[in-house]
Amino acid sequence: MCYSSLGSSGESVIGKLFGCEVENSSLCRCGKETVRSSLTLLFTMHYPEQNSQEKTIKEYDFAEILKKSICLDTWPEGEELSSAEEAEGASLYDLVVTVPHILDVRTGGNLVAHIKVGETYHQRKEGVTHQQWYLFNDFLIEPIDKTEAAQFDVSWKVPAILYYAKRNYHNKYDLRIKNPIDASVLLTEASLARKQRKSHATFIPLMVSEMPQAGDLVGLDAEFVTLNQEEAELRSDGTKSTIKPSQMSVARITCVRGQGPNEGVPFIDDYISTQEQVVDYLTQYSGIKPGDLDAKISSKHLTTLKSTYLKLRFLIDTGVRFVGHGLQKDFRVINLLVFSAVFKVLKDQVIDTVYLFHLPRKRMISLRFLAWYFLDLNIQGETHDSIEDARTALQLYRKYLELSRGGGTDEVRKVLKGLYEKGRQLDWKVPESDTGDGQGSPKSTT
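Everything numeric here is computed off the predicted structure, so don't read it as measured data. Within any chain, residue numbers begin from 1 and follow the written order of that chain's sequence. Since the coordinates come from a predicted model, pLDDT governs what is reported: local features require at least 70, and pairs of side-chain atoms require 80 or more to be given and counted, while whole-chain, interface and lining totals use all residues. Side-chain measures were taken over the full set of non-hydrogen atoms in the model, leaving aside hydrogen atoms and water.

1. Remarks on the side chain of His-301
And then number 1: Counting from the N terminus, the helices are the DSSP runs of H or I reaching at least four residues and the strands are the DSSP runs of E reaching at least two. Summarising the element assignment, His-301 is placed in the loop between helix H6 (283-286) and strand S15 (302-303).
And then number 2: In protein, a polar contact means a hydrogen-donor-capable atom and an acceptor-capable atom, both N or O and within 3.5 Å, with residues adjacent in sequence counting only if both atoms are side-chain atoms; elsewhere, any N or O pair within 3.5 Å suffices. A polar contact of 3.1 Å, which involves the side chain of His-301, links it to the side chain of Glu-189.

2. Topic: the pattern of salt bridges
And then number 1: Between Lys or Arg on one side and Asp or Glu on the other, a salt bridge is scored when a side-chain nitrogen of the former is within 4 Å of a carboxyl oxygen of the latter. By the definition in use, this model includes nine salt bridges.
And then number 2: Residue Glu-189 pairs with Lys-311 through a salt bridge whose shortest N-O separation is 2.6 Å. Here Lys-311 lies in helix H7 (residues 305-318) and Glu-189 lies in the loop between strand S9 (157-166) and strand S10 (217-228), a separation of 122 residues in the sequence.
And then number 3: The shortest N-O distance in the salt bridge between Lys-399 and Glu-402 comes to 3.5 Å. Taken as a pair, Lys-399 and Glu-402 lie in helix H11 (residues 386-425) at a separation of three residues, close to a single helical turn.
And then number 4: Residue classification places Glu-402 among the partly exposed positions, given a relative accessible area of 28%. Here's how the labels work: a residue is buried when its accessible area is under 20% of the maximum for its type, exposed when over 50%, partly exposed in between, all with a 1.4 Å probe on protein chains only.

3. Describing unusual backbone geometry
And then number 1: In the Ramachandran plot, Asp-427 falls in the positive-phi region, its phi being about 55° despite a non-glycine side chain.
And then number 2: Mapping Asp-427 onto the fold places it in the segment after H11.
And then number 3: You can call Asp-427 exposed: its relative accessible area is 52%.

Distances and angles like these do not, on their own, reveal function.
What follows is the structure, encoded as structure tokens:
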């Protein structure tokens, strides 16, 4: 907890939320005192001086040092402010995030985050009203005690960022996130690639009359490259221990129209420009080739990650429904999280064909096998193509709706049993010379 006093009402919103008024007093030898007030967001850390003659070094709590550095000697002793203090503009701040650097001599360490999650989230998710600290370590998220979030040991856990939020600030300010993104982000944009020409365009941008509405279908697929290889060591018992996992980066994002006269036609096919060194383009699985992400030699529609994020954010906020195969993994690497508090994709906005055509406790089935079995299509022959994959996922969803309308849940389950039986017979491999016949010319029914 920290105490501060706000300045005048003419300050910015950020200043009102996080600023502290500082008074600097200068006393002249003649006895004249000059006091100057200013609003600051930056504080100098003040550490206690140590007496070199003392044999033992006195230890100080880091939180106490931080508190005194920000608030000097004028913080309240209690947990709440008095009416007089509130009238004077005093505020209470609570620690809500700490980001320490976890040291590791082998890997250089990594950053983790401790975040205090409020009552709104728990009320929505668990139906209870409480606050809880959570540890975020890569993809590991687990609840922790509040003391763990604020305790540091510089021998292995060094504090890097401490974030305070004003108590009850949501009662005074309208902090609802309004969509600042205009539909123009989906219109025509120039490519970063010098050699890209209109003849090479693989998509047709949306016209104003085609702008998506809530509930519209959008086929989505993403391709990735590897920025660094996994680092692992072999233990004496023969098991492998991962020291540093491989890092994936999104390289291509494709969105296709899910309805209308141009159904199946892509309106986004962005290759993401990167300055980082790519160690593996995963061409067999991604279709991305060396040079595709280089603005100097690429013939693709090259853009920035921010530009593509803006397009996805607009689609999410509009309320479209994304259709794809294995979207959960794609969203994780793209940093779009289902139920994420910041970049939120609601569950009813995601239609994942990997789960539509799946029986409980059975293996997940590839898009290629499903396309062959249900649509009589032979896709992903040499490499993956995100336009083909997104379009195929939309067709599979249409097929699923057709099966559901024809006989309901029982009919779908019967068809899925036949699908799994055929898959086991073929060892889940698409015949090279045959183009389907899994259900007897299923293509004619789509």
